[in-house]
Amino acid sequence: MAHIPAWLQAGFWGLVAGAALLVGAAVGYRFKVPARLVAGVMAFGSGVLISALSFELMDEAFRTGGFPATALGFLGGAAVYTLANWWLAHGGARHRKRSCKQPSEAEHGGSGMAIAVGALLDGIPESIVIGLSMLGGGKVSLVAVSAIFLSNVPEGLSSAAGMKKAGRSPRYIFGIWGGIALASGVAALAGFTLFEGVSPAVAAATTATAAGAILAMLADTMIPEAFEEAHDFAGLITVAGFLAAFALSKMGG
């Protein structure tokens, strides 16, 4: 893709990663997938993301911007995500990634909008990372794209199944995930274009901010869902995902 402008490549890869949400949502809506299988894939995806943010994001942020900028961004990203997630949880979006327990609009007025905003909150930091990974060299981090894609499939699958059980319409379900897939492409494009040419410290802080938000999201939403259904093997599966992404990053290097 060398002949394609870097900003367009960033948007393309963000769209590819976001499209995994639609793939998962389609499977979750049309088929009854065993909850343990969904949880296992979610645990694997969590391990992949943890590895990616450790070795692709935080390591790169520290190398380019130093510890103070990296630490500030990392804690800031986690704090902003946690506060936003806390607010959305009280609006009915606490179980937005769950294949069960999601409230209907009748049970909790406004929960539909809260779930939509929550899903967007979960996806934007991941997508921005794709654009940020292209700063400097102009090549996307395939480890980051793979990690986000793998985590998005079970997220869309589990959440769409939960939305269907809560009585939400196909238009609502696929409208949310289609919109977030498009937003993922825009966020990745923005991650590249808005931060191209900024100082290393700013780029490092931004990368670390996204990493902090992703780790907080994993701890607050994905890992609890995986543990609840596959608690006997969740840890082992998460480690396997971590190892897979670690191996991919080393082969890519």
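These numbers come from a predicted model, not from an experiment.

Summing up its helical and strand segments, the protein has 7 helices and 0 strands in all. Tracing the protein from N to C terminus, the helices and strands come up as α-α-α-α-α-α-α. Counting every position in the protein, which comprises 253 residues, the buried fraction comes to 47%. Counting only carbon and sulfur atoms, one obtains 73% of the accessible surface of the protein, whose full area is about 11400 Å².

So, on to the UniProt feature "transmembrane region" (unreviewed entry) in the protein. Per the UniProt entry, the sites bearing "transmembrane region" (unreviewed entry) are residues 6-29, 36-55, 67-88, 172-195, 201-218 and 230-248 in this numbering. Helix and strand shares over residues 67-88 are 100% and 0% respectively, and the end C-alpha atoms of the span are 31 Å apart. Structurally, residues 201-218 is divided into 100% helix and 0% strand, and its ends, taken at the C-alpha atoms, are 26 Å apart.

This brings us to the environment of Thr238. Structurally, the position occupied by Thr238 is in helix α7 (residues 234-252). Given the relative accessible area of 22%, Thr238 is considered partly exposed. Those residues in contact with Thr238 that sit more than four places away from it in its chain are Ala43, Ser46 and Gly47. There is a polar contact of 2.7 Å between the side chain of Thr238 and the backbone oxygen of Ala234.

Attention shifts here to the pattern of salt bridges. This model, assessed by the stated rule, comprises 1 salt bridge. Here Glu60 makes a salt bridge to Arg63, at a shortest N to O gap of 2.7 Å. Pair noted here: Glu60 and Arg63 are both in helix α2 (residues 35-93), with a separation of 3 residues, about one helical turn. For Glu60, a relative accessible area of 33% corresponds to the partly exposed category.

Attention now moves to the side chain of Ser184. Note that Ser184 resides in helix α5 (residues 170-193). For Ser184, the side chain forms a polar contact with the side chain of Ser127, separated by 3.3 Å. Excluding residues that lie within four positions of it along the chain, Ser184 makes contacts with Gly14, Leu15, Gly18 and Ser127.

Rules of the game
Residues numbered from 1 in each chain as written. Predicted model: local features only at pLDDT ≥ 70, side-chain atom pairs only at ≥ 80, totals over all residues. Heavy atoms only, no water. Helix = DSSP H or I, 4+ residues; strand = E, 2+ residues; numbered from the N terminus. Buried < 20%, exposed > 50% of the residue type's maximum accessible area, 1.4 Å probe, protein only. Areas by Shrake-Rupley, 256 points an atom, 1.4 Å probe, with all protein chains shown as cover. UniProt positions renumbered as here; feature names shortened; annotations may be inferred. Contact = heavy atoms within 4.5 Å. Polar contact = N/O pair within 3.5 Å; in protein donor to acceptor, adjacent residues only side chain to side chain. Salt bridge = Lys/Arg side-chain N within 4 Å of Asp/Glu carboxyl O.

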